[in-house]
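Results of the structural survey
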Amino acid sequence: MNPIPYGRQNITQEDIEAVVDVLKSDYLTQGPKIAEFEKAFAEYIGCKYAVAVSNGTAALHLCTLALGVGNGHKVITTPITFAASANCIRYAGGEVVFADIDPKTYLLDISKVEEVLKSSPKGTIKGIIPVDFAGRAVNLEAFRKLADQYGCWIIEDACHAPGGYFIDSKGQKQNCGNGNYAELAIFSFHPVKHIACGEGGMITTNDEKLYQKLLLLRTHGITKDPKLLQENHGGWYYEMQELGFNYRLTDFQAALGISQLKRADDGLKRRREIAMVYEKAFTEIPDIKGQSGFVEGHGYHLYIIETEKRKGLYDFLREYNIFSQVHYIPVHLMPYYKQYGWKKGDMPIAEKYYERCLSLPMYPTLKEDEQEFTIKCVIDFCKK
Ligand SMILES: *Cc1c(COP(=O)(O)O)cnc(C)c1O
């Protein structure tokens, strides 16, 4: 059996040709493919505006800047996420406040967020960054209500969940990143995510002001738009109006993104099938807790099991060339965040989850026999 990773990109001949076409064209960066990708992505998600950027972390950084995070501003996020969800608060000078997860969904626990908001001096918490962890959509309608009570904004980290959704109180589907409840949402196009650009990211929003600000911040804070200029000296003239960055995506990456996006729903369908096969296989295995049955709208970026024998299982699978992974080491326990006073015991549910969690192979091109082999190895290990 070839090595089986936990996640993997799927590049087709069509993808390759799309990239090569751009390499032969006039624009390598900020050409027509960027706008085309943004438009197609906004349509896919169901939001008004999309801004393509160089990666998901840059997307998060621009979001905290656009929302005006500054020195001492506190922002709440989950400890069970990739570090970037928290780091973006620090980039802008803010302070990270972790709140624990819900043991059933693994998502930021809204009751824990409410406790933090209640116990903090009024106005000190500026925002909340929930994560659609593993592809499961956060109920943003509930978060919006809470955020409004405390005057907070919301950035949805939807890196795991393009195509995911939750059902709102009116029975309507609400796609991850659609901007109906959160001010801003972000996605990543790293190869392990659903849509691969190599490196790449996207910000989605329905707020035109934030959209304009993001466009400016993405390109050094520079504009050439005659409507926005304070002066105008001629055709060459531009102004740097904000301290922005170079967070542009290249045109050939955008071409890859467009091509990949066309297959996004097929990939999602396959991910859901794979999840169902795992669920069924593990229901009878007492040592293994699967991912809480079928959840409508789950994007299944990851398929996570919980087991007391996690380390043993991880090592056992490696012997058989199956490279499972742990998502994630709690961010508050990283040495960087420990220096701000966070310590073991602060997030008991996240910490217990971390002791038990393991992500099994989950990607659209995972073959049936590879999944069967993975399941067999997991069950064999449990029987030992
Ligand atoms: C991948 C990821 C990011 C960062 O995206 P990059 O494109 O790798 O910078 C942020 N948050 C979450 C939850 C992620 O999975």
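Residues numbered from 1 in each chain as written. Predicted model: local features only at pLDDT ≥ 70, side-chain atom pairs only at ≥ 80, totals over all residues. Heavy atoms only, no water.

Quick notes on the domain arrangement of the chain
We count it as follows: Where each domain begins and ends is defined by an automated method or by a domain database. Should any heavy atoms of two residues lie within 4.5 Å, those residues are counted as being in contact. The quantity reported as buried area is the accessible area (1.4 Å probe) lost by two parts once they are put together, taken as the sum for both. A pair is scored as a salt bridge if a Lys or Arg side-chain nitrogen falls within 4 Å of a carboxyl oxygen belonging to Asp or Glu.
In terms of domains, the chain is made up of domain 1 (4-261) and domain 2 (264-383). Relative placement of domain 1 and domain 2: their C-alpha centres are 25 Å apart. Listed as interface residues are 43 residues of domain 1 and, on the opposing side, 49 residues of domain 2. Summed over both partners, the interface of domain 1 with domain 2 comes to about 3700 Å²; 62% of that surface belongs to carbon and sulfur atoms. Of all residues in domain 1, Ile4, Tyr6 and Tyr106 give up the largest surface area on contact with domain 2, accounting jointly for 23% of the area buried on that side. Put simply, domain 1 and domain 2 have zero salt bridges between them.

Side note on the nonpolar core
Stated precisely, the cut-off is as follows: We call a set of buried Ala, Val, Leu, Ile, Met, Phe, Trp, Tyr and Cys residues a nonpolar core when their side-chain atoms join them within 4.5 Å. Under the scheme applied here, a residue whose accessible area is under 20% of the maximum for its type counts as buried, over 50% as exposed, and between as partly exposed, the area being computed with a 1.4 Å probe on protein chains only.
Phe133, Ile203 and Phe282 are the most contacted members of the largest nonpolar core, which has 118 residues in total. Counting residues domain by domain, this core receives three or more from each of domain 1 (4-261) and domain 2 (264-383). Setting aside residues no more than four positions away along its own chain, Ile203 makes contact with Tyr49, Ala50, Val51, Val53, Ala59, Leu62, Cys63, Leu184, Ala185, Ile186 and Leu214.

Notes on the packing of helix H10 (residues 310-319) against helix H13 (residues 368-383)
Keep this limit in mind: Interaxial angles span 0 to 180 degrees and are taken between N-to-C directions of axes, which are lines fitted to C-alpha atoms, for helices over the stretch in contact. Secondary structure follows DSSP: runs of H or I at least 4 residues long count as helices, runs of E at least 2 residues long count as strands, and numbering of each begins at the N terminus. Each angle is binned into one of four classes, with values under 35 degrees roughly parallel, values over 145 roughly antiparallel, values of 65 to 115 roughly perpendicular, and all other values oblique. Crossing handedness: left-handed means the near helix sits turned counterclockwise from the far one by under a right angle, and right-handed means the same turn made clockwise. Gly counts as polar in this scheme, as do all residues outside two lists: the nonpolar Ala, Val, Leu, Ile, Met, Phe, Trp, Tyr, Cys and Pro, and the charged Asp, Glu, Lys and Arg.
Contact geometry for H10 and H13: axes closest at 10 Å, N-to-C directions at 135°. As the angle between them shows, H10 and H13 are arranged oblique. Considering only the axes of H10 and H13, their crossing is right-handed. Facing H10, whose interface residues are Gly312, Leu313, Phe316 and Leu317, H13 presents Thr374, Cys377, Val378 and Phe381. Taken together, the residues of the contact of H10 with H13 break down into six nonpolar, two polar and no charged.

Observations regarding the pattern of salt bridges
Should the charged atoms of two oppositely charged side chains come close, the side chains can pair. Following the criterion strictly, the structure yields 19 salt bridges and no others. With its nearest N and O atoms 3.1 Å apart, the salt bridge here joins Asp148 to Arg144. Residue Asp148 and its partner Arg144 are located together in helix H6 (residues 140-149), separated by four residues, close to a single helical turn. The class for Arg144 is buried, based on a relative accessible area of 14%. For the salt bridge of Arg356 with Glu306, the shortest nitrogen-to-oxygen distance reads 3.0 Å. Highlighted residues: Arg356 in helix H12 (residues 348-356) and Glu306 in strand E12 (residues 303-306), separated in sequence by 50 residues. Summarising the burial analysis for this pair, Arg356 and Glu306 share the class buried. Look at the salt bridges and you will find they share partners, linking Lys289, Glu306, Glu308 and Arg356 into a network.

Focus on the side chain of Thr81
Test applied: We call two N or O atoms a polar contact when they sit within 3.5 Å, provided that within protein one can donate a hydrogen and the other can accept it, with sequence-adjacent residues counted only if both atoms are side-chain atoms.
Within the fold, Thr81 resides in the loop between strand E2 (74-77) and helix H4 (84-91). With relative accessibility at 4%, the residue Thr81 sits in the buried group. A distance of 2.6 Å separates polar atoms of two side chains, one belonging to Thr81 and the other to Ser85. When sequence neighbours within four positions are dropped, the list of residues in contact with Thr81 reads Val131, Asp157, Tyr328 and Val331.

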